[in-house]
Amino acid sequence: GDSLEGNILEGRAAVMIRASVGAEPVFGAVWLNSRISTDFDTREVTFEEIDVPRVRFPDATEEQEQNLIALLKREIPTWNIQLSVDRLIPMLDLAEKQLQAAEGFNDDPPKILFREEPTVLVSIEGEPQLREIPNSGIMAVVNTPFMIVQNPDNRGQFFLYAGSETWYEAPAIEGPWQVTQKVPKEIRQLQPEEEEVDPEEAAEGPSTPPALVVVTEPAELIVFDGPPQYAPIAGSELLIVTNSESDVLRELSSQRLFVLLSGRWFTSASQEGPWEFVGADELSEAFSNIDPDGDYGYLLVWVAGTEMAEEAMLDAAIPQTAAIKRDATIEVSFDGEPKFEPIEETTLHYAVNTESQVIRAGTQYFCAEQGVWYVANDPQGPWQVATEVPDEIRTIPASNPNYNTKYVYIYDTTPEVVYVGYYPGYTNSYIYRGVPVWGTGWWYSPWWSPHVFYPRPATWGFHVRWNPWSGWGFGFSYSTGRWSFSIGWSSWGPVSYT
């Protein structure tokens, strides 16, 4: 159950359907509304007048979904569904806690930078952490996806590789950075092999290497091709910048700027700020009036209550599922002895010195790995596929880096397999204020030691953008063309799952 108003219970459930006996199950979501009656003498809840307003299954046509709704409406009354009051109360409490957690995102704006020339944002997770590349004497900055190295024998200069045989040099991390041809041999040999650049793609980028801006705090960069140029958006009293790959709008009635970053709206009177978060469910009518068939109709995905936003919400209700053999296992590595810290607002603890997501609940340990829950009696294993997890995992707050694990579920078991699934929240894609957003907005402290660096999921700094066909993607704030900047040159990178 999601909510109880009077005697009307509303809820959503993941359901499994088999086309025939022995066929592989298909998972989807079903919305249910029911009038209930309760008997506190027997402490039983009886479901009456059950309605099925909506279903959602992958690749199902609208006709197939309507046929399923009709089938469920015929069949559900024959199921004689009963539930105890003692079970219903914790379910409603859990739903309320999950709602509170979904509202616990960090709405603070990142540092928003504007440039009118080709510029690349170089994000470093906090103060630069230098580690020696084995047997080289060269130090590398490990808490960034960019290839930044330092040769102590070369005046302590820093070098950054941009792809296409192009190197930058600076006397300090913060710059100033400039293109250089004078790269020590021992550093140049670290240059990674590159794939051939598509000539058309290269032509889209600048003719000369772009400028660099280095940040050690949450930030986003918006690049204009010269001074901002505005054009009206069809159907609405909004203007949009046409010479940027970022979404920058101006509302005519208020004359305020609006920018869309990681699925969130921020507004200010000018580029200089200060910037304020605006919920997608708090936007003015000018935004909902955007013509869905116009060039900028895609913006309606981030305007709560619109048809496009509703479609995105429905798609987020479908789990990605798999059948995992009961004898599957994993290996979990720690940097030294396992170290655990409390998860705020719960009795749970989580491991901080591993790149795996390990949670201690009582005397047991649970690990969400590639969308599957595993369980062990010792954090070092052996691990086996879990058949259930504590309900308290669903209440992990968004301020904890393991928040995404609450979206990993166990649906059914057989003697051979466990049916599991996860929702987009596990991959850092959430429905927040009625629209899809990337990340929770929180900055999670990474783990580093003299030996390793383990990053955590990040919301800002990667120009994350979304489209309904391929989901979220990382990139730059404009086409860099032949310059790739070796994103992910080491094992560092935004955490993602497949």
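Residues numbered from 1 in each chain as written. Predicted model: local features only at pLDDT ≥ 70, side-chain atom pairs only at ≥ 80, totals over all residues. Heavy atoms only, no water.

### Brief notes about the side chain of Asn 400
Argument step 1. Along the chain, Asn 400 turns up in the loop between β28 (384-385) and β29 (408-413).
Argument step 2. A polar atom in the side chain of Asn 400 sits 2.8 Å from the backbone nitrogen of Asn 402.
Argument step 3. In contact with Asn 400, other than residues within four places in its own chain, are Ile 343, Glu 344, Tyr 350 and Tyr 444. (Helix = DSSP H or I, 4+ residues; strand = E, 2+ residues; numbered from the N terminus. Polar contact = N/O pair within 3.5 Å; in protein donor to acceptor, adjacent residues only side chain to side chain. Contact = heavy atoms within 4.5 Å.)

### A word on the pairing of strand β14 (residues 211-215)
Argument step 1. Taken across its 5 residues, β14 has 4 buried, putting it largely inside the fold.
Argument step 2. Sheet topology note: the strand β7 (residues 119-123)/β14 ladder contains 5 bridges and is parallel. Bridging across to β14, Val 122 finds its partner in Val 214. (Buried < 20%, exposed > 50% of the residue type's maximum accessible area, 1.4 Å probe, protein only. Pairing = 2+ DSSP bridges.)

### Details of helix α1 (residues 62-75)
Argument step 1. Between its terminal C-alpha atoms α1 stretches 20 Å, which fits the 20 Å expected from 14 residues at 1.5 Å a residue.
Argument step 2. Where α1 is concerned, the buried positions are Glu 65, Leu 68, Ile 69 and Leu 72. Taken around the axis of α1, the buried residues stretch over an arc of 105°, which confines them to a single face. Of the exposed residues in α1, those oriented more than 90 degrees away from the buried face are Glu 63 and Arg 74. (Expected span 1.5 Å × (residues − 1). Arc of directions from axis to C-beta.)

### Remarks on the sheet that holds strand β12 (residues 166-170)
Argument step 1. Read across the open sheet, the 6 strands follow the order β8-β9-β10-β11-β12-β13; overall the sheet is antiparallel. At either margin of the open sheet sits one strand with a lone partner, and together these are β8 (130-132) and β13 (178-180). Here the average twist between neighbouring strands, direction ignored, is 35°.
Argument step 2. With 3 bridges connecting them, β12 and β13 associate as antiparallel partners. Bridged to Trp 167 within β13 is Thr 180. (Axes fitted to C-alpha atoms, helices over the stretch in contact; angles between N-to-C directions.)

### Points about unusual backbone geometry
For residues that are not glycine, phi is negative in most cases, and the peptide bond is trans in most cases.
Argument step 1. Look at the link from Gly 175 to Pro 176: it is a cis peptide, with omega at 5°.
Argument step 2. Here Pro 176 shows up in the loop between β12 and β13.
Argument step 3. Backbone geometry places Gln 370, a non-glycine residue, at a positive phi of 50°.
Argument step 4. Inspection of the secondary structure assignment puts Gln 370 in the loop between β26 (364-369) and β27 (372-376).
Argument step 5. Backbone geometry at Arg 433 places phi at a positive 55°, although glycine is not the residue there.
Argument step 6. Structurally, Arg 433 is set in the loop between β31 (429-432) and β32 (435-438).

### Structural notes on the environment of Glu 49
Argument step 1. For Glu 49, the position within the fold is in strand β4 (residues 44-56).
Argument step 2. Between the C-alpha atoms of Glu 49 and Ile 76, which are 27 residues apart in sequence, the distance is 9.7 Å.
Argument step 3. The residues touching Glu 49, leaving out its near neighbours within four places in the chain, are Asn 33, Ser 34 and Arg 35.

### Side note on the sheet that holds strand β23 (residues 340-342)
Argument step 1. Taken together, 6 strands build an open sheet; the order of strands is β23-β24-β25-β26-β27-β28 and the sheet is antiparallel. Two strands in the sheet have a free side with no partner beyond their single neighbour: β23 and β28.
Argument step 2. Inspection of the sheet shows β27 paired to β28 by 2 bridges, in the antiparallel sense. In the sheet register, Tyr 374 faces β28, and the bridge partner there is Val 385.

### Quick look at the pairing of β12
Argument step 1. Most of β12 is tucked away: 5 of the 5 residues are buried.
Argument step 2. Where burial is concerned, the two faces of β12 agree: the one with Thr 166, Tyr 168 and Ala 170 and the one with Trp 167 and Glu 169 are both buried.
Argument step 3. Hairpin connection of strand β11 (residues 158-163) to β12: 2 residues between the antiparallel strands, including Ser 164 at a positive phi of 55°.

### Brief notes about the pattern of salt bridges
Pairing is possible between side chains that carry opposite charge, provided their charged atoms lie close to one another.
Argument step 1. One pass over the structure, following the stated rule, counts 6 salt bridges.
Argument step 2. In this structure, Lys 111 engages Glu 217 in a salt bridge whose closest nitrogen and oxygen atoms are separated by 3.6 Å. Remark: Glu 217 occurs in the loop between β14 and β15 (219-223) and Lys 111 occurs in strand β6 (residues 111-115); sequence separation between them is 106 residues.
Argument step 3. Overall, Glu 217 belongs to the partly exposed group, its relative accessible area being 44%.
Argument step 4. Residues Glu 282 and Arg 433 are paired through a salt bridge, measuring 2.9 Å at the closest nitrogen-oxygen approach. Of this pair, Glu 282 sits in the loop between β21 (276-278) and α5 (285-288) while Arg 433 is found in the loop between β31 and β32, placing the two residues 151 residues apart along the sequence.
Argument step 5. Through salt bridges with shared partners, one network takes in Asp 281, Glu 282 and Arg 433. (Salt bridge = Lys/Arg side-chain N within 4 Å of Asp/Glu carboxyl O.)

Function-wise, these values are silent; they only describe arrangement.
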